[in-house]
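# Inside the fold
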Amino acid sequence: MNQSAIPAVTFEKLSLSPALLRAIDRMGFAAPTPVQAKTIPAMREGRDVIAKAPTGTGKTCAFGIPILEGLREDTQDIQAVIVCPTRELCVQIADELRQLAAFRSEVRIANLYGGQPIAKQLAALDKHPQIVVATPGRLLDHMGRGTAWLGNVYTAVLDEADEMLKMGFIRDVRRILNATPADTQVVMFSATISREVMDVAWEYQRDAVEIHIASEGDNRPRIAQFLLSSVGGARMEDMLRIIQALDLKRVMVFGNRKSTVRILGEQLRRRGCSADCLHGDIPQSQRNKVMKAFREGKFEILVATDVAARGIDVDDVEAVFNYDIPDENEYYLHRIGRTGRAKRHGYAFTFASPQDQFRLRDIRKYTHSDIRDLHFDETGRLVTDEGLSVEEAARQLLQADGPREQGE
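Residues numbered from 1 in each chain as written. Predicted model: local features only at pLDDT ≥ 70, side-chain atom pairs only at ≥ 80, totals over all residues. Heavy atoms only, no water.

This part takes up the packing of helix α1 (residues 18-27) against helix α3 (residues 59-69). Running from N to C, α1 and α3 point in directions that differ by 155°, and their axes come no closer than 11 Å. Put simply, α1 runs roughly antiparallel to α3. In this structure, the crossing between α1 and α3 has a hand that is right-handed. Of the residues in α3, those in contact with L20, I24 and M27 of α1 are C61, I65, L68 and E69. Class assignment for the residues of the contact of α1 with α3 results in six nonpolar, no polar and one charged. (Axes fitted to C-alpha atoms, helices over the stretch in contact; angles between N-to-C directions. Helix = DSSP H or I, 4+ residues; strand = E, 2+ residues; numbered from the N terminus. Parallel < 35°, antiparallel > 145°, perpendicular 65-115°, else oblique. Left-handed = near helix turned anticlockwise from the far one by under 90°. Contact = heavy atoms within 4.5 Å. Nonpolar A, V, L, I, M, F, W, Y, C, P; charged D, E, K, R; others polar.)

Written as structure tokens, this is what we have:
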């Protein structure tokens, strides 16, 4: 079943409980995003769902709201399990669900992922959570210990299903779903519908509602994209000039390698910048502290690799810098999607060398993006090839974009 255009709705028209409406209002969401408007009614009817939706479309609330509204009081067993590929995304989803449950004191949510002390997770499970958010490996660990039982789960959500299956979790996902009742509602969210995703859907879903959210109109992030030819040590100088020229205070910088990220972080701090970094060699506990500090605005520039940054959702990032051109086209979209959220516009700056031209052409074709070339003129002013300032070019690029209500 394919759901196409639907009339405009409000959260009130979705017949949500007063406690949930109060939480949504406090979170600052004015109206449901398209994926929420389509998913919430389908899930509340008990339907399985397979949703193809880009990043930044409000997926957590799309499945979190019906899960919270459907919790039963007659059992202490786990009622809903949300499985996602990374620790960072696991933490983010649990945090957002807790915000949605802010006025539901009886709701208990457990967060299970590798790198966190097992004792803390055992204590959370001892409190009989209704909702568990977990990475596959750690959830299976608890299932093997007998500390997590899925025999009474009524909803199982696979978030970023394509990424999870691409990372080799297909057997783990099957073991988890096989541990739930045969009539469990299975909900899948994916940026792409790969063959692996379809295999899981065919095996575990029944007459699923198919939801397709295009990255256009109200869903397209309001991001002005720019390209700057720069190599070697000049990239650091050019990046700092751009940050200063636009007075940017909330910035993410992406590098392809852990060594690049580490060196950039050190160089920025030596120059007096308020910066920190995330990469795979940093212990998980420290990564959590860095992400928390960035969300709270305790430093201005976060330098990260693609994997370490997955799951970071900060509404007020002003600009993203691709210090290196990403190895995969999808990473380009994931990176720039960190900005342009919550009704704000954002900037994306990509540095390139002459040998990057084929990759750039590929990215432009893949993303259908208008990426404007920039350079510094003889006065040191950053302008497009047409002589427009960055701000003027951004207004021109964004004038056709509609407002967005929420982030992911």
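Let us now look at the side chain of R104. Within the fold, R104 resides in the loop between α4 (87-100) and β3 (109-112). Take R104: its relative accessible area is 16%, and that puts it in the buried class. Setting aside residues no more than four positions away along its own chain, R104 makes contact with A19, L68, E69 and L71. (Buried < 20%, exposed > 50% of the residue type's maximum accessible area, 1.4 Å probe, protein only.)

Let us now look at the pairing of β3. Of the two faces of β3, the one carrying I109 and N111 and the one carrying A110 and L112 are both buried. Two elements, β3 and strand β4 (residues 131-134), share four bridges in a ladder whose sense is parallel. In the sheet register, L112 faces β4, and the bridge partner there is A134. Read as a crossover between parallel neighbours, the route from β3 over helix α5 (residues 118-126) to β4 is right-handed. (Pairing = 2+ DSSP bridges. Right-handed = clockwise from strand over helix to strand, strands pointing away.)

Turning our attention to the packing of α1 against α4. Helix-helix packing: each pair is described by the crossing angle between the helix axes and the interaxial distance. Remark: α1 packs on α4, axes separated minimally by 8 Å, with the N-to-C direction vectors making an angle of 120°. When the axis of α1 is compared with that of α4, the two are oblique. Residue-level contacts link L20, A23, I24 and M27 of α1 to E96, Q99 and L100 of α4. When the residues that make up the contact of α1 with α4 are grouped by side-chain class, the tally is five nonpolar, one polar and one charged.

Before going further, it helps to examine the nonpolar core. Counting 44 residues, the largest nonpolar core has I65, I67, I82, L100, I131 and V133 as its most contacted members. For this core, the leading source of residues is α4, giving seven residues. In contact with I67, not counting residues within four places along its chain, are M43, A80, I82, I131, Y154, T155 and V157. Core analysis: the next-biggest nonpolar cluster, separate from the first, contains 33 residues, I243, V261, V303 and F321 among them. (Core = buried A, V, L, I, M, F, W, Y, C linked by side-chain atoms within 4.5 Å.)

In this structure, S15 is a non-glycine residue whose phi angle is positive, near 55°. Relative accessible area serves as the criterion here: at 54%, S15 is assigned to the exposed category. Backbone geometry at D207 places phi at a positive 45°, although glycine is not the residue there. Turning to its location among the elements, D207 is positioned in the loop between α9 (195-204) and β7 (209-212).

To continue, consider the sheet that holds strand β10 (residues 275-278). To summarise the sheet geometry, strands pair through backbone hydrogen bonds and adopt either a parallel or an antiparallel arrangement. Sheet architecture is open: eight strands sit in the order β10-β11-β9-β12-β13-β8-β14-β15, paired in mixed fashion. Strand pairing shows two members of the sheet lacking a second neighbour, β10 and β15 (382-384), which therefore form its edges. Taking the axes of each pair of neighbouring strands and ignoring which way they run, one obtains an average angle of 25° across the sheet. Sheet topology note: the β10/strand β11 (residues 301-304) ladder contains four bridges and is parallel. Bridge pairing links C277 to V303 in β11. Taken strand by strand, helix α12 (residues 284-295) contacts β9 (251-254), β10 and β11, and its axis lies near 135° from that of β10.

It is worth spelling out the packing of aromatic side chains at this point. For the structure on display, the rule yields seven aromatic pairs. Between F321 and F351 the ring centres are 6.2 Å apart and the planes differ by 25°, which places this aromatic pair in the stacked class. Taken together, the residues F321 in strand β12 (residues 319-322) and F351 in strand β13 (residues 346-352) connect sequence positions 30 residues apart. Judged on exposure class, the residue F321 and its partner F351 are both buried. (Phe/Tyr/Trp six-rings, centres within 6.5 Å; stacked < 30°, edge-to-face > 60°.)

Within the secondary structure, L100 sits in helix α4. You can call L100 buried: its relative accessible area is 0%. In contact with L100, other than residues within four places in its own chain, are L20, A23, I24, M27, C61, G64, I65 and L68.

To continue, consider the pairing of strand β1 (residues 49-52). As paired strands, β1 and strand β6 (residues 185-190) are joined by four bridges and run parallel to one another. Looking at β6, one finds that K52 is bridged to S190. As paired strands, β1 and β7 are joined by four bridges and run parallel to one another. Counterpart to A51 in the pairing with β7 is I211.

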